[in-house]
Amino acid sequence: MSTTVAGGTALVQQRNLVTEIPGPKSQEKLARKKQYVADGVGTTLPVFVEAAGGGVLRDVDGNTLIDLGSGIAVTTVGNAAPQVVARVQEQVAAFTHTCFMVTPYDGYVDVAAALAELTPGDHAKKSALFNSGAEAVENAVKIARVATGRDAVVVFDHAYHGRTNLTMAMTAKNMPYKNGFGPFAGEIYRVPMSYPFRETEGIKGADAAARAIDQIEKQVGAENLACVVIEPILGEGGFVVPADGFLPALAAWCRDHGVLFVADEIQSGFCRTGDWFACNHEGVVPDLITTAKGIAGGLPLAAVTGRAEVMDAVHAGGLGGTYGGNPVVCAAALGAIAEMRDHDLPARARAIEATIRRRLDAIAADHPTIGDIRGRGAMMAIELVKPGTLEPDAARTSAVAAYCHAHGVVVLTCGTWGNVFRFLPPLSIGDDLLEEAFDVVAEAFAATA
Ligand code: PLZ
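These numbers come from a predicted model, not from an experiment. (Residues numbered from 1 in each chain as written. Predicted model: local features only at pLDDT ≥ 70, side-chain atom pairs only at ≥ 80, totals over all residues. Heavy atoms only, no water.)

## Section: the overall build of the protein
In step 1: Of the regular secondary structure elements, the protein holds 13 helices and 17 strands.
In step 2: Computed over C-alpha atoms, the radius of gyration of the protein comes to 21 Å, within 12% of the 22 Å expected from 2.2 N^0.38 for 449 residues, which places it in the range of a compact globule.
In step 3: Taking the principal axes of its C-alpha atoms as reference, the protein extends roughly 60 × 60 × 45 Å.
In step 4: Burial status across the protein gives 55% buried among its 449 residues.
In step 5: When the accessible area of the protein is evaluated, it comes to approximately 17900 Å², of which 52% is carbon and sulfur surface.
In step 6: A gap of 3 Å separates the mean positions of the 36 positive and 50 negative side-chain charges of the protein. (Helix = DSSP H or I, 4+ residues; strand = E, 2+ residues; numbered from the N terminus. Rg over C-alpha atoms; globule rule 2.2 N^0.38 Å. Buried < 20%, exposed > 50% of the residue type's maximum accessible area, 1.4 Å probe, protein only. Areas by Shrake-Rupley, 256 points an atom, 1.4 Å probe, with all protein chains shown as cover. Lys, Arg positive; Asp, Glu negative; His and termini not counted. Charge placed at Lys NZ, Arg CZ, Asp CG, Glu CD.)

## Quick look at the packing of helix α12 (residues 394–406) against helix α13 (residues 431–447)
In step 1: Axis separation between α12 and α13 bottoms out at 9 Å; the angle between their running directions is 130°. In this view, α12 runs oblique relative to α13, as classed from their interaxial angle. Here α12 runs over α13; the crossing is right-handed. Note on element contacts: α13 touches α12 through V440, V441, E443, A444, F445 and A447, opposite R396, V400, Y403 and C404.
In step 2: Here the residues of the contact of α12 with α13 are counted per class, giving 8 nonpolar, no polar and 2 charged. (Axes fitted to C-alpha atoms, helices over the stretch in contact; angles between N-to-C directions. Parallel < 35°, antiparallel > 145°, perpendicular 65-115°, else oblique. Left-handed = near helix turned anticlockwise from the far one by under 90°. Contact = heavy atoms within 4.5 Å. Nonpolar A, V, L, I, M, F, W, Y, C, P; charged D, E, K, R; others polar.)

## Some points on the environment of I295
In step 1: Within the secondary structure, I295 sits in the loop between β11 (288–291) and β12 (302–307).
In step 2: On the accessibility criterion, I295 (0% relative accessible area) is buried.
In step 3: Here the alpha-carbon distance between I295 and T75, two residues 220 residues apart in the chain, equals 8.8 Å.
In step 4: I295 has contacts with L115, F270, L301, A333 and A336, leaving out every residue within four places of it along the chain.

## Regarding the packing of helix α11 (residues 345–366) against α13
In step 1: Across the interface, α11 lies against α13 with an axial gap of 10 Å and an inter-helix angle of 25°. In terms of their interaxial angle, α11 and α13 are classed as roughly parallel. The hand of the α11/α13 crossing is right-handed. Taken together, the residues of α13 that come into contact with α11 (itself represented by R348, I352, T355, I356, R358, R359, L360 and I363) are D431, L434, E435, F438, D439, V441, A442 and F445.

## Topic: the site of the ligand
In step 1: In the region of the ligand, 15 residues are neighbours, and G133, A134, R163, D264 and Q267 sit closest.
In step 2: Within the side chain of Y160, one N or O atom sits 3.2 Å away from an oxygen atom of the ligand.
In step 3: Against a free-state accessible area of 510 Å², the protein chains account for coverage of 82% of the ligand.
In step 4: When its residues are assigned to classes, the shell around the ligand shows 5 nonpolar, 5 polar and 5 charged. (Near = heavy atom within 4 Å. Polar contact = N/O pair within 3.5 Å; in protein donor to acceptor, adjacent residues only side chain to side chain.)

## Here's the deal with the nonpolar core
Soluble globular proteins tend to bury their nonpolar side chains together.
In step 1: In terms of nonpolar packing, the biggest core is built from 122 residues, with F156 and F423 touching the most fellow members.
In step 2: Among the elements that line this core, the one with the most residues is helix α10 (residues 327–342), at 9 residues.
In step 3: Each of domain 1 (3–80 + 344–447) and domain 2 (84–342) gives at least three residues to this core. (Core = buried A, V, L, I, M, F, W, Y, C linked by side-chain atoms within 4.5 Å. Domains from an automatic or database assignment.)

## What to know about unusual backbone geometry
In step 1: Note that the residue after I21, namely P22, is joined by a cis bond; omega there is -5°.
In step 2: Within the secondary structure layout, P22 lies in the loop between β2 (9–12) and α1 (24–36).
In step 3: Residue P183 follows G182 across a cis peptide bond; omega there is 5°.
In step 4: With respect to the helices and strands, the residue P183 is situated in the loop between α6 (165–170) and β8 (188–191).
In step 5: Phi at A80 is positive, roughly 50°, even though this residue is not glycine.
In step 6: By the secondary structure assignment, A80 is in the loop between α2 (70–73) and α3 (82–94).

## A look at helix α4 (residues 106–118)
In step 1: In this model, α4 (13 residues) spans 18 Å end to end at C-alpha, consistent with the 18 Å of a helix rising 1.5 Å per residue.
In step 2: On the buried face of α4, the contacting elements are β6 (125–130), β11, β12 and α10. (Expected span 1.5 Å × (residues − 1).)

## Quick word on the side chain of D59
In step 1: With respect to the secondary-structure elements, D59 resides in strand β4 (residues 56–59).
In step 2: Although buried, D59 forms no salt bridge, and the nearest oppositely charged side chain, R58, lies 7.0 Å from it.
In step 3: A polar side-chain atom of D59 sits 2.9 Å from the main-chain amide nitrogen of D61.
In step 4: Setting aside residues up to four positions removed in sequence, D59 forms contacts with I21, S26, V47, F48, V49, E50 and L65. (Salt bridge = Lys/Arg side-chain N within 4 Å of Asp/Glu carboxyl O.)

## Quick notes on the packing of aromatic side chains
In step 1: Here the structure, examined in full by the defined rule, presents 10 aromatic pairs.
In step 2: Here F95 and Y105 contribute two aromatic rings whose centre-to-centre distance is 5.8 Å and whose plane-to-plane angle is 70°, an arrangement assigned as edge-to-face. Taken together, the residues F95 in the loop between α3 and α4 and Y105 in the loop between α3 and α4 connect sequence positions 10 residues apart.
In step 3: Given a relative accessible area of 30%, F95 falls into the partly exposed group.
In step 4: Y105 sits in the buried class, given a relative accessible area of 10%.
In step 5: By way of ring pairs, the aromatic residues F95, F100, Y105 and Y108 are connected into one cluster.
In step 6: The ring of F184 is capped by K178, whose NZ or CZ atom sits 5.2 Å from the centre of that ring.
In step 7: Of note, R198 hangs over the ring of W417, and the distance from its end group to the ring centre comes to 4.5 Å. (Phe/Tyr/Trp six-rings, centres within 6.5 Å; stacked < 30°, edge-to-face > 60°. Lys NZ or Arg CZ within 6 Å of the ring centre and 35° of its normal.)

This is the structure in structure tokens:
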């Protein structure tokens, strides 16, 4: 059994439950949360955390849980990863903020240089830094509109791009993201995604792209279209991997029509899928790419990176914000990127994929509710249906999730119908712990059959 140093604490890398979940101390704190925190802010697994690292979270009752969520695909390098902690501590003691728009500093430029090197394509690239994924998506749209002189934005079925007004309009699912929060921003058009498990005819990627493009041409018109924004693997929408050829065909159509192809890699980026970015799997080179989550090891940073001439279409002063690319957050990003390079985390994600696929194949053989196993790298999912049909089984999904939570494994669901499990372990998780987590997942299916 290995230990890891996180948050100054040696955390034993083992699942260990000493109370029920949530334990008495967490329950007391939950009552306090209920008193002071808005009910609209939900919680998946209500244990209060006091330390985390490697592949575990330890709660205030002394329970140690296995983390298959990474705080929604954020702590890719692990919680409190050593190089993130060291660089943040050094930076926070030197200075905490100047506002890059007032007086600049190296960290921001270093992150932009790293993004230019690491993101797909070898063209000249520039970046602008922001605080959240939604803010990055908003800015990608602003940049695309100025660069093309066009207004319309195309997004896809099942898309998730954020909770701000423009990004709510771009997000597909009503509950809980949009209900009652309108009116929404205009000039957003939604077209069909490639969703292999739910295609009637097993339609090929190029055909699915032609279907989307036909709709774009008929309902929007290329001459009105600034950009197509797509998650190369859907995140909240269910970890759907489009059929091979879908993304390249869309990107090629965009190129031919002066439409900017924007990859939202906020969830799929930074080693998560077994490559630095999900676009790399099919050699797709986006004009603009949005990143966040995994980029900074848990601190809030997001970016838009794109072709230098596109990024520079915006007038001076047109992009910014008080905190975007804050020095502490940039230090965290440089530490996280160093961890990814030093430990070859794309390779680690591929190894994790092999383990998870082996375990999920075995579980699915016994449980026909698992209709689809999909994903790449450490971004894997299963979709639960009534056996032999496409009818979503959200109730079984909730039951399996509840079992996992009660037995000390943090699992997350997603999908338009709430019937998808997504597995997003930190890439710092040990093999034994990963196997143990899937022992619990297997038990959960057996116990709820
Ligand atoms: N684009 C592809 O996955 C965030 C949302 C959690 P922010 N996904 C997690 C929730 O319920 O709010 C996400 C994403 C993709 C954009 C975003 C938005 O990123 O940092 O949450 O704004």
